[in-house]
Amino acid sequence: MNYQVFPTDPAIRAGTRADVDYGTVWDQLARVLLLGMLVLVVLSFQDYGITTDEEVQHIYGKELLSFYLSGFQDQSAFHFKDLYLYGGLFDLAVATLIPVSPFDEYATRHLLCGLIGVVGVAGTWRLGRVLAGPRAGFLAAAGLALCGVYYGAMFNNTKDVPFAAGMVWMLYFATRILQQMPRPSRSAAWKFGLTLGLTLGIRVGAVFGVFYLGLALLLHLAVVWHLEGRKQMLHDARLSFLILLPALPIAYVVMAVFWPWAVLNPLNPLEALQAFSRVPLKIITLLNGQNVLSSDPPASYVPMYLAVKLPEALVVGLGVAVMMGVVALLRLESQPWRRHVAVTWVPTVLGAFVPIVVFMLMRPTIYNGIRHFLFVIPPMAVMAAYAADRGWSVAEQWRRRAGHVFAGALTVLGVVYLWQLTSMHPNQYVYYNKFIGGLRGAVGKFELDYWGNSLHEATQELIAFIERENNGEAPKTTYTLSVCGNPLAVRYDLPPWLKLVDKDPDWRRADFFMAFTQVRRCPDLLDGQPILEINADGVPLSIVKDRRPPERKLQAGAQTDAH
């Protein structure tokens with residue numbers, strides 16, 4: 001027996017020509033959304049700065065490529081810092097692309113990461129659609145696309161965004177397998193294995209996906225046993241096991257290609273899991289105004305950050321979805337046929353909440369807000385979209401006009417979020433919702449520009465400022481610059497006439513000083529006349545000070561007059 005789960009929207013279930021057109025409209029809107037995101041990625045990927053981790057990740061990718069080009073002789077990648085604990089899928093792909101890319105190495109990284117971020121939104125659309133219909137799928141994709149902490153990270157968070165994209169596609173294929181039980185298609189099984197292997201090729205945490213599907217399959221078999229007996233359950237178990245078994249060797253082979261260290265020793269993945277549970281890093285991170293040691297975070301760290309970093313509509317929708325889920329579970333006894341439907345939601349619900357529960361119990365090292373937990377946001381967006389979709393249906397069933405009002409409210413929310421993210425470009429990842437008073441309310445309480453993304457824009461503005469002093473031309477004088485922040489984000493953009501002197505003994509005599517505000521002591525480290533400020537929602541993220549002595553400023557002015 002095949003327990004195919006159909007969309008829950010009554011209009012989709014009806015199956016008329018109008019209903020088909022209805023579904024097509026939402027699918028087309030989703031495709032337009034994805035196309036629009038692709039265009040935005042291509043137009044804006046060079047606006048984002050280089051993050052602290054990118055340099056070592058880039059080196060790791062080149063060393064992995066050297067491992068293959070040397071015929072497996074060069075194993076330096078397996079001894080480079082702690083990067084061998086991570087899969088090298090993204091970094092290896094970049095190292096392979098750089099020789100043929102028309103862009104420099106870091107721009108290539110940002111373009112590829114942005115495109116993968118769109119793949120994650122596409123996976124969220126497909127997951128929402130298969131669980132709750134075309135409209136819910138579109139709402140899920142739009143909700144994730146308008147989530148600043150995800151969209152802003154799409155361009156330079158080259159660990160967490162690819163991992164989040166891989167996880168949501170794994171949830172999608174797991175859901176497809178559950179919907180096709182007891183005879184899942186080989187295509188769905190092999191695609192799950194392929195996605196599992198690719199995601200393990202980024203981070204070992206992808207094993208969560210195996211747990212989600214495995215638990216859901218056990219629940220499915222328990223339902224079959226209860227409704228149809230032990231014999232039918234054993235038949236289903238045997239049939240599905242034979243079909244799903246090839247997924248594991250597929251995953252292992254793919255993982256081995258992109259994370260060869262993992263297969264040098266069968267226990268290496270377990271070593272990576274253990275290492276990530278207790279990263280030997282002790283830095284100060286902010287939580288609601290309190291300085292927290294990264295190696296000893298409170299259990300509330302991730303839940304609190306999610307509550308203030310996600311858009312208000314997503315937080316509220318998620319809460320409503322949880323309440324709806326509780327009510328649905330209480331009704332299962334009187335409606336046994338719904339149990340198969342409930343099982344198909346298991347991977348998504350587990351994907352949204354299990355990592356948070358595990359964190360609260362184990363309290364591993366954490367910092368930089370929720371960047372390590374971006375992968376829980378896509379399934380959360382799906383759940384919130386389901387709540388919105390059901391609310392919309394209830395409003396339509398009550399009164400047609402009420403449905404229009406509900407749709408109008410969602411549209412207004414979408415426009416507001418879009419405007420907010422546009423105004424924060426290219427620092428969307430520092431977004432905070434109104435529950436904390438927006439970005440201004442988060443100042444001094446939560447992490448802001450921890451990547452130093454704004455330093456790239458500050459560098460461009462400083463170069464333009466100096467060129468304006470010289471009628472748009474490069475100055476004949478070489479100036480010096482000192483930076484409090486990630487020097488790579490600045491050094492990579494500097495022209496020959498602007499020299500970074502952070503490692504020089506006389507760095508305190510620099511002509512210009514640039515600092516990001518994430519580290520409180522940075523802006524006051526050196527004095528000078530403030531000339532530039534990069535801000536989001538009125539909150540300074542980076543500042544630049546002119547420290548040139550009066551005679552050098554007069555000299556610059558004289559050069560301008562001479563021109």
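Residues numbered from 1 in each chain as written. Predicted model: local features only at pLDDT ≥ 70, side-chain atom pairs only at ≥ 80, totals over all residues. Heavy atoms only, no water.

### Observations concerning the side chain of threonine 459
Item 1. Structurally, threonine 459 can be placed in helix 21 (residues 454-469).
Item 2. Leaving out residues up to four positions away in the same chain, threonine 459 has contacts with Ala489, Val490, Asp493, Leu494 and Met514. (Helix = DSSP H or I, 4+ residues; strand = E, 2+ residues; numbered from the N terminus. Contact = heavy atoms within 4.5 Å.)

### Description of the nonpolar core
Item 1. Ranked by size, the top nonpolar core spans 139 residues in total, and within it Met154, Ile377, Met380 and Tyr432 carry the most contacts.
Item 2. In contact with methionine 154, not counting residues within four places along its chain, are Met37, Val41, His110, Cys113, Gly114, Gly117, Val118 and Val161. (Core = buried A, V, L, I, M, F, W, Y, C linked by side-chain atoms within 4.5 Å. Buried < 20%, exposed > 50% of the residue type's maximum accessible area, 1.4 Å probe, protein only.)

### Brief notes about the packing of aromatic side chains
Item 1. For the structure shown, the criterion picks out 28 aromatic pairs.
Item 2. Here tryptophan 169 and phenylalanine 173 contribute two aromatic rings whose centre-to-centre distance is 5.9 Å and whose plane-to-plane angle is 35°, an arrangement assigned as tilted. You can see tryptophan 169 and its partner phenylalanine 173 sitting in helix 8 (residues 160-179), four residues apart, about one turn around the helix.
Item 3. According to the relative accessible area criterion, phenylalanine 173 is buried, its value standing at 12%.
Item 4. Here the aromatic cluster, defined as three or more aromatic residues joined through ring pairs, consists of Trp26, Phe138, Trp392 and Phe406.
Item 5. Its guanidinium or amino end placed over the ring of tryptophan 125, arginine 126 lies 5.2 Å from that ring's centre, counting from NZ or CZ.
Item 6. When the ring centre of tryptophan 392 is taken as origin, the NZ or CZ atom of arginine 135, which lies over that ring, is 4.4 Å away. (Phe/Tyr/Trp six-rings, centres within 6.5 Å; stacked < 30°, edge-to-face > 60°. Lys NZ or Arg CZ within 6 Å of the ring centre and 35° of its normal.)

### A look at the environment of glycine 148
Item 1. Within the element layout of this structure, glycine 148 appears in helix 7 (residues 148-151).
Item 2. In this structure, the C-alpha to C-alpha distance between glycine 148 and valine 25, residues 123 residues apart in sequence, is 26 Å.
Item 3. Sequence-distant contacts of glycine 148, defined by excluding residues within four places in its chain, comprise Ala153, Leu421, Gln428, Tyr429 and Tyr431.

### So, the pairing of strand 1 (residues 284-287)
Item 1. Note that strand 1 and strand 2 (residues 290-293) share four bridges and pair antiparallel. Paired with isoleucine 284 across the two strands is leucine 293, which belongs to strand 2.
Item 2. What sits between the antiparallel neighbours strand 1 and strand 2 is a turn of two residues, in which asparagine 288 has the positive phi angle 55°. (Pairing = 2+ DSSP bridges.)

### A closer look at the state of the cysteines
Item 1. Within this structure, the stated rule accounts for one disulfide.
Item 2. Through a disulfide, cysteine 484 is tied to cysteine 522; the S-S separation comes to 1.9 Å. Between cysteine 484 and cysteine 522, the S-S torsion sits near -55°, and that sign places the bridge as left-handed. Placement of the pair is cysteine 484 in strand 3 (residues 479-484) and cysteine 522 in the loop between strand 5 (512-516) and strand 6 (529-536), with a sequence separation of 38 residues.
Item 3. Cysteine 484 sits in the buried class, given a relative accessible area of 10%. (Disulfide = S-S within 2.5 Å.)

### A few points about the side chain of threonine 365
Item 1. Examined against the element boundaries, threonine 365 turns out to sit in the loop between helix 17 (346-362) and helix 18 (377-398).
Item 2. In contact with threonine 365, not counting residues within four places along its chain, are Ser277, Arg278, Val279, Leu281, Ser294 and Ser295.

### A word on the packing of helix 18 against helix 19 (residues 400-424)
Item 1. Running from N to C, helix 18 and helix 19 point in directions that differ by 150°, and their axes come no closer than 5 Å. With respect to their mutual orientation, helix 18 and helix 19 come out roughly antiparallel. Crossing geometry of helix 18 relative to helix 19 is assigned as right-handed. Contact residues: Ala388, Gly391, Trp392, Ala395, Glu396 and Trp398 in helix 18; Arg400, Ala402, Gly403, Phe406, Ala407 and Leu410 in helix 19.
Item 2. Classifying every residue of the contact of helix 18 with helix 19 gives eight nonpolar, two polar and two charged. (Axes fitted to C-alpha atoms, helices over the stretch in contact; angles between N-to-C directions. Parallel < 35°, antiparallel > 145°, perpendicular 65-115°, else oblique. Left-handed = near helix turned anticlockwise from the far one by under 90°. Nonpolar A, V, L, I, M, F, W, Y, C, P; charged D, E, K, R; others polar.)

The values reported here are purely geometric and, on their own, carry no functional implication.
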